[in-house]
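Summary of structural features
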Amino acid sequence: MTVRTRIAPSPTGDPHVGTAYIALFNLCFARQHDGQFILRIEDTDRVRSTAESEQMILDSLRWLGLEWDEGPDVGGPHGPYRQSERGEIYADHARRLIEAGHAFRCYRTSEELDALREARKAAGMHLALKPADLALPEEEQARREREGWPHVVRMKVPASGACVVQDMLRGRIEVDWAQVDAQILLKSDGMPTYHLANVVDDHLMGITHVLRGEEWINSAPKHQLLYEYFGWEMPQLCHMPLLRNPDKSKLSKRKNPTSINYYRRMGYLPQAVTNYLGRMGWSMPDEREKFSLAEMMAHFDIQRVSLGGPVFDLEKLTWLNGLYIREELDDEAFLQALREWAFNEQYVREILPQVRPRVETLADVVPLAGHFFSGLPQIDETSFDAVKLEREDLLKLLQFLVWRFEPLPSWHKEALLAEVKALAGHFGLKMKDFLAPVFIAITGSPSSTSVMDAMAILGSDMTRARLRHAIGVLGGVSKKQAKRFEKEYREL
Ligand code: GLU
C-alpha cells in the first residue's frame, strides 16, 4: 500500500497557520513512508470561496517549502482537485446512497425544522434531528416531490447506541449516536456538504491516512458510516491537537495574527516558521529545537505527537527566527532573504506612487516610507497626545475598526474605505478626524503617506495587528469596556 495523505483547505480567507501546520504533518507522514501528499481545494461553499484566497493558500504553503505531489495547479491522475469542479461525482454518489436506502430526500421547510427541534427540546431529548423526526407522511412526501419543492439529501443515522471510531493518537473514541443528526449531504442548490464531498474524494483520491485538526472529531462517526454505506475501506484517522494562544485559548485571528501573509510580511524566514510549526505538539527524538524540514521528515513519528494543546508563541518563533538569521544565513543568503522580503522591485513599485508626491529629496523616502518596511511601529501613549478624543472613544474607535476589518472577505482600498466611512458616520466624526489616530497606529506618525493606501498595501493581518498594538500601548480594553463596546457594536 502506498501511503497517501492530503491537506484539504477551504479557500475562504487568508492562509491560516493552522493549515500550514496540518499540511506539514501530512507531508512528513507521507514522506516518512515514501508516500504521496495531495492538495485538494474544498470550495463547495460558493459564497465564501474565492480564487484569490486559493492562490494565497498555494503561495504560502509553497513559500514554507511544503510541496505537494498532486493538486489543482500541478495536476495528477485523480483530478480535478477542486471540489467545485466535481459536482457530478457527488450528485452521482448521493443518488447511489438514496437507491440503497442509506439516504433520503428531505422536503422539510425551515419552519418545520425549527418546530421539530423545539419538540425535541421540550421532550428533553438531544437536538440532533433523526430520520424518524424528519419523515413526512407518504402522501405529503409524494405531493412535495410532485410539486418540485426545494429539498436536501440527508443520510440515515442510527437512533441510538454507541459509535466507536479509532484514532491513531487517541485510540478508541466513543460517540453516542443520539447526538448525531441526519446530516445533510446535498444542499438544496445541489452542492455537496463537506461531509459527502470529503469522504467521496478521500476515497477516489486513494487517501490512506487523514491527519486533520481535532475540530473534526465530531464528524468522524458520520464519515465512518458513509464509508460503510459505500462499502469502502476508511482511511486511518488522526486528529491533531489545535494550536493555542499562550493563554491556552484556541488560536484565532481575534487575538493573534493567524495569516501566513502576516508572518511573511513581518520578516520571518520560511525555514523558521516551518521549523516552529514542527515543534507544535511534536519534538525531535533528541529534543533539539532547531531542525530543517528534511530532518523532520527523516525523524518523523506520528506517535510522538502529544495531545496537550501546543502553544503558538510569537516570542519563541521570533527567537528561533533570530537563530536562523544568525546561524544559517551568510551575507549572500541574508541579502537574498531581504530581497525576497521587501527590498524587491515589485514591492517598491507598489509603494512609489505613495511616496513620490510627498518627497523633495530621495533621502526623504526612508523616514516617510519606513512603515512599509517594518513590523509594529514604535509608538507609546504620548504618540496619541494630539488626538482630540477621550481615551474611551479612542480605544473604541480602534477596536471597532479591528472588528469591522476582521470579516472582510477581500482586502482592497474601496472595501476598507466603505468600512471607515461607515464608522466615521457612527462616531459623528469627519473622515480626517476619524483617521487621525488610525494614522498613528498604522504608520507610527501623525502624518505620512495615505493611511488608506498603506492599510491596503500592508494587508489584513498586519493592519489589524498594528491597530491592536495601538490599543495595547493605550492601556488596552478592560473587560468592562469590552462588554460596553460589544453591546454598542452589535447595535451598529
Ligand atoms: N475543508 C476542511 C478544512 O477546511 C478539511 C477538513 C479535513 O481535513 O477533513 O479544514
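Description of the structure in this document. (Residues numbered from 1 in each chain as written. Predicted model: local features only at pLDDT ≥ 70, side-chain atom pairs only at ≥ 80, totals over all residues. Heavy atoms only, no water.)

With respect to the overall build of the protein
Helix and strand counts for the protein stand at 21 helices and nine strands. For the protein, the C-alpha atoms occupy an extent of roughly 80 × 55 × 40 Å along the three principal directions. Sorting the 492 residues of the protein into buried and exposed places 48% on the buried side. As displayed, the protein offers around 23500 Å² of accessible surface, 52% of which is attributable to carbon and sulfur atoms. (Helix = DSSP H or I, 4+ residues; strand = E, 2+ residues; numbered from the N terminus. Buried < 20%, exposed > 50% of the residue type's maximum accessible area, 1.4 Å probe, protein only. Areas by Shrake-Rupley, 256 points an atom, 1.4 Å probe, with all protein chains shown as cover.)

With respect to the site of the ligand
Neighbouring residues of the ligand: R6, A8, S10, E42, Y194, N198, R212 and W216. Y194 is positioned such that a nitrogen or oxygen atom in its side chain is 2.6 Å from an oxygen atom of the ligand. Side-chain polar atom of R212 to an oxygen atom of the ligand: 3.4 Å apart, as the coordinates give it. When isolated, the ligand has an accessible area of 290 Å², and the protein chains bury 82% of it. (Near = heavy atom within 4 Å. Polar contact = N/O pair within 3.5 Å; in protein donor to acceptor, adjacent residues only side chain to side chain.)

Some words on the layout of surface pockets
Taken as a whole, the second largest pocket holds about 340 Å³ of empty space. If you go around the second largest pocket, you meet 14 residues; those closest to its centre are R254, Q399, W403, R468 and V477. Secondary structure elements with two or more residues in the lining of the second largest pocket: α16 (391–405), α20 (460–473) and α21 (479–490). Looking at the lining of the second largest pocket, its residues break down into five nonpolar, four polar and five charged. (1 Å grid on protein atoms, 1.4 Å probe; cavity = no way out; pocket = protein on both sides within 12 Å on 5 of 7 lines; lining within 4 Å. Points joined across faces, edges and corners; volume = space filled by probe spheres on them. Nonpolar A, V, L, I, M, F, W, Y, C, P; charged D, E, K, R; others polar.)

Brief notes about the pairing of strand β1 (residues 4–7)
Residues R4 and R6 point to one face of β1 and T5 and I7 to the other, with burial holding for every one of them. Relative to strand β2 (residues 36–39), β1 runs parallel, the two being bridged by four bridges. When the sheet's bridge partners are listed, R4 is paired in β2 with Q36. You can see the chain leave β1, run along helix α1 (residues 17–32) and come back into β2, and the turn it takes is right-handed. (Pairing = 2+ DSSP bridges. Right-handed = clockwise from strand over helix to strand, strands pointing away.)

Thoughts on the packing of aromatic side chains
One pass over the full model with this rule turns up 21 aromatic pairs. Each ring, one from F230 and one from W232, has its centre 4.2 Å from the other, and the planes form 15°; the classification is stacked. Each member of the pair, F230 together with W232, is buried. Joined through ring pairs, the aromatic side chains of F400, W403, F427, F434, F485 and Y489 make up one cluster. (Phe/Tyr/Trp six-rings, centres within 6.5 Å; stacked < 30°, edge-to-face > 60°.)

Quick look at the side chain of S448
In this fold, S448 is placed in the loop between α18 (431–443) and α19 (451–458). S448 sits in the buried class, given a relative accessible area of 13%. Reaching out from S448, the side chain makes a polar contact with the backbone oxygen of L368 at a distance of 3.3 Å. For S448, the contacting residues outside a window of four places in its chain are R358, L368, H371, F439 and T443. (Contact = heavy atoms within 4.5 Å.)

Quick word on the sheet that holds strand β7 (residues 184–186)
Hydrogen bonds along the backbone pair up the strands of a sheet, which may run parallel or antiparallel. Judged by pairing direction, the sheet is antiparallel, and its three strands sit side by side in the order β3-β4-β7 without closing on themselves. Sheet topology places β3 (103–106) and β7 at the edges, where each strand pairs with a single neighbour. Averaged over all pairs of adjacent strands, the angle between strand axes in this sheet comes to 40°, irrespective of strand direction. The pairing of strand β4 (residues 152–155) with β7 spans two bridges and is antiparallel. Residue pairing across strands places V153 opposite L186, the latter belonging to β7. (Axes fitted to C-alpha atoms, helices over the stretch in contact; angles between N-to-C directions.)

Observations concerning empty space enclosed by the protein
Overall, the coordinates contain one cavity of 30 Å³ or more when judged by the stated rule. In terms of lining, the largest cavity is formed by N198, D202, V210, R212, H223, Y227, P235 and L237. Looking at the lining of the largest cavity, the elements that each hand over two or more residues are α7 (194–204), β8 (209–213) and α8 (220–230). Here the residues of the lining of the largest cavity are counted per class, giving four nonpolar, two polar and two charged.

Section: the side chain of R212
Here R212 lies in strand β8. Within the buried core, R212 has no salt-bridge partner, and the shortest N-O distance to an opposite charge, that of D202, equals 5.7 Å. Residues in contact with R212, not counting those within four places in the same chain, are I22, Y194, N198, A220, H223, L237, C238, H239 and M240. (Lys, Arg positive; Asp, Glu negative; His and termini not counted. Salt bridge = Lys/Arg side-chain N within 4 Å of Asp/Glu carboxyl O.)

As for helix α12 (residues 314–328)
Here α12 contains 15 residues, and its C-alpha end-to-end distance of 20 Å stays within 8% of the 21 Å for a straight helix at 1.5 Å per residue. All of the buried residues in α12 are L317, L320, N321, G322, L323 and Y324. Lining the buried residues of α12 we find α9 (260–265) and α10 (270–278). (Expected span 1.5 Å × (residues − 1).)

Observations concerning the packing of α16 against α20
The N-to-C vectors of α16 and α20 enclose an angle of 155°; their axes lie 9 Å apart at closest approach. With respect to each other, α16 and α20 are oriented roughly antiparallel. Both α16 and α20 take part in a crossing whose hand is left-handed. For the pair α16 and α20, the contacting residues are L395, L398, Q399, L401, V402 and F405 in the first and T463, R464, L467, R468, A470 and I471 in the second. Looking at the contact of α16 with α20, its residues break down into eight nonpolar, two polar and two charged. (Parallel < 35°, antiparallel > 145°, perpendicular 65-115°, else oblique. Left-handed = near helix turned anticlockwise from the far one by under 90°.)

Description of the pairing of β8
Looking along a regular strand, one sees side chains alternate from face to face of the sheet. Of all five residues making up β8, five are buried, and the element is well covered by its neighbours. Summarising the sheet, β8 and strand β9 (residues 236–240) pair through five bridges and their orientation is parallel. Within the sheet, the bridge partner assigned to L211 lies in β9 and is C238. In this fold, β8 hands off to α8, which returns the chain to β9; that crossover is right-handed.

Observations regarding the pattern of salt bridges
Enumeration over the complete set of coordinates arrives at 40 salt bridges. Here E85 and R82 are joined by a salt bridge, their closest N and O atoms 2.7 Å apart. Accessibility expressed as a relative area gives 22% for R82, which makes it partly exposed. Between E419 and R404 there is a salt bridge, with its nearest N and O atoms 2.6 Å apart.

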